[in-house]
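Residue-level structural notes
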Amino acid sequence: MAEPIVRPAADADMPGLRAVANSFGLLGMWPEQPDFVDAEREFGAVVVGEVDGTIVGFGGTLRRGTVTHLGDLFVLPDHQSSGVGRAILSRLLPQGTPTVTFASADKRAFALYVRNGMRPRCPLLYLERGPLGGRPASRDSGQAPGEADVRAAAAMDAHVCGGDRASTLRWFAGLPGVTLHVSGSGYAFARTAGDGVVIGPAGGATPQDCADIVLEAANAHPGAGPVHVAVPGTHPLLPLLLDEGWHIGDMDTLMTSEDFMRLDRYVPHHDLG
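Residues numbered from 1 in each chain as written. Predicted model: local features only at pLDDT ≥ 70, side-chain atom pairs only at ≥ 80, totals over all residues. Heavy atoms only, no water.

A few words on the pairing of strand 4 (residues 67-75). Both faces of the sheet carry side chains from a regular strand, because those side chains alternate between them. Counting buried residues in strand 4 gives seven out of nine residues, a clear majority hidden from the surface. Both strand 3 (residues 54-64) and strand 4 contribute to a ladder of eight bridges, which runs antiparallel. Along strand 4, the bridge assignment pairs Arg 64 with Val 67. Pairing between strand 4 and strand 5 (residues 99-103): three bridges, direction parallel. Along strand 5, the bridge assignment pairs Thr 68 with Thr 99. Of the crossover connections in this fold, the one passing from strand 4 over helix 3 (residues 84-92) to the parallel strand 5 is right-handed. (Buried < 20%, exposed > 50% of the residue type's maximum accessible area, 1.4 Å probe, protein only. Helix = DSSP H or I, 4+ residues; strand = E, 2+ residues; numbered from the N terminus. Pairing = 2+ DSSP bridges. Right-handed = clockwise from strand over helix to strand, strands pointing away.)

Let us now look at the packing of aromatic side chains. By convention here, two paired aromatic rings are described through the distance between centres and the angle between planes. Tallying each qualifying case throughout the model produces six aromatic pairs. Aromatic rings pair up to connect Phe 24, Phe 58 and Phe 74 into one cluster. (Phe/Tyr/Trp six-rings, centres within 6.5 Å; stacked < 30°, edge-to-face > 60°.)

What follows concerns the packing of helix 2 (residues 36-43) against helix 6 (residues 166-173). Direction vectors running N to C along helix 2 and helix 6 enclose 150°, while the axes themselves pass 11 Å from each other. In terms of axis orientation, helix 2 runs roughly antiparallel to helix 6. Between helix 2 and helix 6 lies a crossing whose hand is right-handed. Each of Ala 39, Glu 42 and Phe 43 in helix 2 lies in contact with helix 6, whose residues at this interface are Ser 167, Thr 168 and Trp 171. (Axes fitted to C-alpha atoms, helices over the stretch in contact; angles between N-to-C directions. Parallel < 35°, antiparallel > 145°, perpendicular 65-115°, else oblique. Left-handed = near helix turned anticlockwise from the far one by under 90°. Contact = heavy atoms within 4.5 Å.)

A few words now on helix 3. Those residues of helix 3 that fall on the buried side of the exposure criterion are Val 84, Gly 85, Ile 88, Leu 89 and Leu 92. Mapping the buried residues of helix 3 onto a view down its axis gives an arc of 125°, with all of them on the same face. The elements touched by buried residues of helix 3 are strand 1 (5-8), strand 2 (44-51), strand 3, strand 4 and helix 4 (107-115). (Arc of directions from axis to C-beta.)

Put simply, the protein has an average pLDDT of 93, and 96% of its residues get 70 or more. A low-confidence stretch, residues 136-140 stays under pLDDT 50, and its non-local contacts, those more than four residues away or across chains, total eleven contacts. (pLDDT = per-residue confidence, 0-100.)

Attention now moves to the environment of Ala 220. Considering the arrangement of structural elements, one finds Ala 220 in the loop between helix 7 (207-219) and strand 10 (227-232). Take Ala 220: its relative accessible area is 9%, and that puts it in the buried class. Spatially, the C-alpha atoms of Ala 220 and Leu 169 are 21 Å apart, while their sequence positions differ by 51 residues.

This part covers the packing of helix 5 (residues 147-161) against helix 6. Packing of helix 5 against helix 6 leaves a shortest axis separation of 10 Å and a crossing angle of 135°. Between helix 5 and helix 6, the angle falls in the class oblique. Here helix 5 and helix 6 pass one another in a crossing that is right-handed. For the pair formed by helix 5 and helix 6, the contact residues are Glu 147, Val 150, Ala 154 and Asp 157 on the first element and Ala 166, Leu 169, Arg 170 and Ala 173 on the second.

This brings us to the environment of Gly 162. With respect to the element layout, Gly 162 can be found in the loop between helix 5 and helix 6. Residue classification places Gly 162 among the partly exposed residues on the basis of a relative accessible area of 28%. Between the C-alpha atoms of Gly 162 and Met 261, which are 99 residues apart in sequence, the distance is 5.3 Å.

Right, let's talk about the nonpolar core for a bit. Taken as a class, soluble globular proteins show a tendency for nonpolar side chains to be buried jointly. Core analysis: the largest hydrophobic core is formed by 46 residues, its most contacted members being Leu 17, Trp 171, Phe 172, Tyr 187, Phe 189 and Leu 254. When neighbours within four sequence positions are excluded, Phe 172 is seen to be in contact with Trp 30, Val 178, Phe 189, Arg 191, Gly 200, Pro 201, His 269 and Leu 272. Core analysis: the next-biggest nonpolar cluster, separate from the first, contains 23 residues, Ala 188, Ala 202, Cys 210 and Val 231 among them. (Core = buried A, V, L, I, M, F, W, Y, C linked by side-chain atoms within 4.5 Å.)

Moving on: helix 4. Taken together, the buried positions of helix 4 are Ala 109, Leu 112 and Tyr 113. Projection of helix 4 onto a plane perpendicular to its axis shows the buried side chains occupying an angular sector of 95°, all on one side. What points out from helix 4, more than 90 degrees from its buried face, is the exposed set Lys 107 and Arg 115. Those residues of helix 4 that are buried lie in contact with strand 4, helix 3, strand 5 and strand 11 (247-256). Downstream of helix 4 by one or two residues, Gly 117 has phi in the positive range, about 95°.

So this is what it looks like as structure tokens:
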């Protein structure tokens, strides 16, 4: 087998890259393009691992201020433990700057992140809720995001997530099916994907403000099923959602190199952080 080649992703690599992503079920909430990989190419970096002319893995990051969010590091099973993942990660993560990722249960990847300076902070729980059985939408059911609301949301977001990403949020706000709930003390994006809805990113000036705006955004889609939200295990929203009948579909570990996120008042997006 030839030595792997690790390089920035080109346009011609995208079908092979998305084939790897599909093999891990990463595009289920992105039925149409543009998708999160397009966001990583525009607002961060995407690197592929190639063997004998075939894409066998990829990694992607998004930047928010000085923070690098590692959104993806995936290598096909036949090429795992071959050094492809380590090589991709070394190309993606800058030295001496804050980093964050949502680590799966893969012990090899977890150890790789620790060796690159990240430490586990808390579980990240992926919660789901089915339709609310005919319950009417809330009075404010969200709007297609306007520029002023996106600016307000981006300002609040920078405070809780660790860095400014106004350009990424403007891109996200322009996608079909995206709505935004925003008040003076909280914001929550929601995106319809097929029959379901994904909530996030969201945040608030206080933990209660964050919980209130997330619940408002979720309850504005009473007939959707499922509704998805990713909640840090330290967030007071977690027991509220479980008490309301949400269930845990999956779990990652939120890892950071420094303590720069307000995990009690921030709800990340599954793919955008």
